[in-house]
Amino acid sequence: MNRFFPWGFLSVLALIFLAIFVAYPILGVLFRSFIGDNGTFSLDGFETFLTRGKYLEALMNTVILGLVVTLSCSILGVFLAFVVARYDIPFGNIVLLLPLSVLIIPELISAQSWVMVFGNNGLVTNLLKALGLPFPRFYGWFGLIYVMTLTYYVHVFLAALAALRGFDHSLEEAGQSLGTAPLTTYIRVVFPTILPAVLASGLIVFTLVIGNFAISIALAQRVPLLSVMTYRSFISELGGNPTMQSTLATVSILLVSCVLFLQKRYLSKRNYQMVAGRTTPRIKLRGWKAILISSGAGLIIVLSLMPALVVLIGSFTVSRGPVMYWGQFTLDHYIRIWDFNLAVIGNSLTFASMATALGVCFATLVSYLLVKKRSVFSPMLDYLLLLPLTISGTVLGIALAQGFNSGPIVLTGGLLMVIAMTVRRLPFGVRNASSNLHNISNSIEEASVSLGVPPVRTFFNVVLPLMAPGIAAAAILTWVTTVAELSASVVIYQAGQETLPIQIFRLISSDLMARASAFGVINMIIILVPVFFGIKVMKVRLFSS
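The following refers to the structure shown. Every value quoted in this text rests on a predicted model; they were computed, and no experiment measured them.

Here is what the cut-offs are and how they apply
- Residues numbered from 1 in each chain as written.
- Predicted model: local features only at pLDDT ≥ 70, side-chain atom pairs only at ≥ 80, totals over all residues.
- Heavy atoms only, no water.
- Helix = DSSP H or I, 4+ residues; strand = E, 2+ residues; numbered from the N terminus.
- Rg over C-alpha atoms; globule rule 2.2 N^0.38 Å.
- Buried < 20%, exposed > 50% of the residue type's maximum accessible area, 1.4 Å probe, protein only.
- Contact = heavy atoms within 4.5 Å.
- Core = buried A, V, L, I, M, F, W, Y, C linked by side-chain atoms within 4.5 Å.
- Salt bridge = Lys/Arg side-chain N within 4 Å of Asp/Glu carboxyl O.
- Arc of directions from axis to C-beta.
- Polar contact = N/O pair within 3.5 Å; in protein donor to acceptor, adjacent residues only side chain to side chain.
- Axes fitted to C-alpha atoms, helices over the stretch in contact; angles between N-to-C directions.
- Parallel < 35°, antiparallel > 145°, perpendicular 65-115°, else oblique.
- Left-handed = near helix turned anticlockwise from the far one by under 90°.
- Nonpolar A, V, L, I, M, F, W, Y, C, P; charged D, E, K, R; others polar.
- Phe/Tyr/Trp six-rings, centres within 6.5 Å; stacked < 30°, edge-to-face > 60°.
- Pairing = 2+ DSSP bridges.
- Patch = residues over 30% accessible without salt bridge, like charges linked within 9 Å, V, L, I, M, F, W, Y side chains within 5 Å.
- Areas by Shrake-Rupley, 256 points an atom, 1.4 Å probe, with all protein chains shown as cover.

Re the overall build of the protein chain
Next, step 1: Assigned secondary structure in the protein chain consists of 24 helices and two strands.
Next, step 2: For 545 residues, the compact-globule estimate of 2.2 N^0.38 gives 24 Å, and the protein chain sits close to it at 25 Å.
Next, step 3: Classification of the 545 residues of the protein chain by burial places 52% in the buried group.
Next, step 4: Across the protein chain, contacts joining residues at least 24 apart in sequence account for 79% of those joining residues at least 6 apart.

In structure tokens:
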């Protein structure tokens with residue numbers, strides 16, 4: 001019994017938490033997709049899905065969009081990573097801002113900014129109209145692929161850059177010394193070694209694309225997509241038969257699960273291990289090659305960071321309804337927020353603070369249990385922690401709303417919002433909190449216990465301080481992602497519980513882009529302040545894991 005306490009007992013409590021707030025709602029969605037109108041077993045939902053063209057079209061569009069954006073992100077990310085790793089470009093330090101752009105600029109604001117540039121009343125659109133030049137319609141495939149590529153390619157860039165920097169240059173030299181051309185050496189030696197990293201990050205991009213709600217709802221007006229259709233099905237059928245919304249959610253879960261299985265099976269057959277070796281020296285380019293490559297990389301960086309600048313200018317631009325008067329500036333949008341919408345900011349701060357505190361405490365405990373105190377419960381903990389990765393935010397929101405709307409546990413309103421935000425970011429929180437646990441020797445903890453200090457006190461006095469950098473990174477990343485969370489909360493929120501992303505979403509839907517920009521700037525400031533404080537003051541390495 002003494003061996004069970006305290007860590008075995010805490011493992012059981014963690015399992016119970018995950019079973020209630022992760023497994024129970026997701027299994028409920030799967031179960032309800034097999035229940036018909038009369039409450040008995042039925043395949044009507046799947047029959048409707050497979051026989052109505054609009055559902056199959058949405059599934060096909062979602063898969064195509066996922067594949068195209070993953071391919072474009074891979075090309076863009078690998079190209080930029082190769083340039084940064086191999087060449088001494090003049091703005092190499094600015095590239096380090098790219099991961100931050102993903103944190104600081106939420107997806108919804110990114111979509112909003114590009115609509116302000118290329119939308120029906122966009123800056124570039126109006127300029128081209130005045131010049132009599134045609135421009136492709138931004139609302140549809142073009143806009144979706146363009147915005148999602150610039151939003152998600154950073155995931156591939158980071159993975160490819162890490163793999164290239166860990167590559168042993170002597171292998172490349174050996175290939176070329178045998179008479180192989182440099183291009184052939186890259187294709188046969190270098191790229192196979194970074195391929196697993198690119199595939200793993202590509203899977204992340206694919207799952208983010210097919211589960212994306214913020215960009216899809218803003219730009220997919222004429223392209224049926226599964227995530228948008230699932231949300232609209234929930235909104236239109238709220239209070240009615242949930243079979244169809246459960247079926248759409250189940251199809252989304254199955255789609256991501258299939259991709260996870262194929263990726264894991266592929267990677268299991270390709271195992272590359274790199275021993276320590278010489279890092280490839282960076283080459284200083286000259287002439288037309290320097291201009292061409294630096295221009296391409298610079299354009300990618302400018303386009304990545306442009307949404308923040310566009311939203312900032314838009315927030316000070318005079319507007320009348322949907323019409324924006326570029327070049328005329330005002331503070332009216334911020335004054336209006338100060339007078340009427342401070343509660344929205346308060347809701348965001350309150351929900352994000354509670355979700356961050358709950359998520360970090362849980363992630364710290366679970367990471368310690370999984371790394372240092374593994375038990376018979378650990379495999380199940382690992383599995384349940386992966387589940388939130390297999391579902392989109394919209395599906396998670398529907399699962400929680402359906403699961404706790406009635407039954408043994410009834411949760412609504414703010415508490416359910418906090419649970420949704422916490423659960424959705426748990427896998428990332430655990431990953432960051434455990435990042436430096438592997439480097440903490442067990443002998444340190446054993447020495448404390450052998451001197452008579454109880455295990456729990458040893459954890460708080462010895463282990464926890466050593467975990468502090470990882471916990472700080474987990475706290476910052478959890479905070480910035482919960483402040484920007486939209487897809488799950490937009491399904492759950494009730495009147496008076498609007499957060500900043502929800503308010504931005506409503507204003508964009510009403511074509512009030514200037515007011516939405518003012519909220520967007522406030523949202524970015526709330527995200528940027530803890531990121532800046534963590535990196536500059538606390539010296540936190542956010543992307544070390």
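Focus: the nonpolar core
Within soluble globular proteins, side chains that are nonpolar generally end up buried alongside one another.
Next, step 1: With 137 residues, the main nonpolar core has Leu 18, Trp 114, Leu 144 and Leu 219 as its most contacted residues.
Next, step 2: For this core, the element with the highest residue contribution is helix H8 (residues 141-165), accounting for 13 residues.

A word on the pattern of salt bridges
Next, step 1: Summed over the entire model, instances satisfying the criterion amount to four salt bridges.
Next, step 2: In this structure, Asp 382 engages Arg 374 in a salt bridge whose closest nitrogen and oxygen atoms are separated by 3.4 Å.
Next, step 3: Judged by relative accessible area, which is 48%, Arg 374 ranks as partly exposed.
Next, step 4: The shortest N-O distance in the salt bridge between Arg 424 and Glu 485 comes to 3.1 Å. Here Arg 424 is found in helix H19 (residues 413-433), whereas its partner Glu 485 is found in the loop between helix H21 (455-483) and helix H22 (489-492), with 61 residues between them in sequence. You'll find Arg 424 and Glu 485 in the same group, each marked buried.

Let's talk about helix H15 (residues 332-340)
Next, step 1: The complete set of buried residues in H15 reads His 333, Tyr 334 and Ile 337. Buried residues along H15 cover an arc of 100° about the axis, so they all sit on one side. Projecting away from the buried face of H15 at angles above 90 degrees are the exposed residues Trp 338 and Phe 340.

Topic: the side chain of Gln 402
Next, step 1: Assignment of secondary structure puts Gln 402 in helix H18 (residues 393-403).
Next, step 2: Relative accessible area serves as the criterion here: at 12%, Gln 402 is assigned to the buried category.
Next, step 3: Separated by 3.4 Å, the side chains of Gln 402 and Ser 246 make a polar contact.

Brief notes about the packing of H18 against H19
Next, step 1: Contact pair H18 / H19: the axes reach a minimum separation of 10 Å and the direction vectors enclose 135°. When the axes of H18 and H19 are compared, the pair comes out oblique. Crossing geometry of H18 relative to H19 is assigned as right-handed. Of the residues in H19, those touching H18 at Gly 393, Leu 396, Leu 400 and Ala 401 are Leu 416, Ile 419, Ala 420, Val 423 and Arg 424.
Next, step 2: Split into classes, the residues belonging to the contact of H18 with H19 amount to seven nonpolar, one polar and one charged.

Here we look at unusual backbone geometry
Next, step 1: Even without a glycine there, the phi angle at Asp 511 is positive, about 60°.
Next, step 2: With respect to the helices, strands and loops of the structure, Asp 511 is situated in the loop between helix H23 (500-509) and helix H24 (513-537).

Some words on the environment of Trp 479
Next, step 1: Assignment of secondary structure puts Trp 479 in helix H21.
Next, step 2: Counting along the chain gives 52 residues from Trp 479 to Val 531, while the straight-line C-alpha distance between them is 9.2 Å.
Next, step 3: The contact partners of Trp 479, leaving out residues within four places of it in the chain, are Leu 349, Ala 352, Ser 353, Thr 356, Ile 526, Ile 527 and Pro 530.

Examining the packing of aromatic side chains
Next, step 1: Enumeration over the complete set of coordinates arrives at 24 aromatic pairs.
Next, step 2: Ring-pair connections join several aromatic residues into one group, and the members of that group are Phe 17, Phe 21, Tyr 24, Phe 362 and Phe 404.

What to know about the pairing of strand S1 (residues 317-320)
Next, step 1: The sheet contact formed by S1 and strand S2 (residues 323-329) spans four bridges and is antiparallel. Each residue of the ladder has a partner; that of Val 318, found in S2, is Tyr 325.
Next, step 2: Between S1 and S2, which pair antiparallel in sequence order, lie two residues; one of them, Gly 321, sits at a positive phi of approximately 65°.

Section: a nonpolar patch on the surface
Next, step 1: On the surface, a cluster of nonpolar side chains totalling about 350 Å² of accessible area is made up of Phe 5, Phe 9, Leu 13 and Ile 16.
Next, step 2: Within the element layout of this structure, Leu 13 appears in helix H1 (residues 7-32).

Brief notes about the environment of Asp 44
Next, step 1: Considering the arrangement of structural elements, one finds Asp 44 in helix H2 (residues 44-51).
Next, step 2: Put simply, Asp 44 and Thr 247 are 203 residues apart on the chain and 9.4 Å apart in space, counted from C-alpha to C-alpha.

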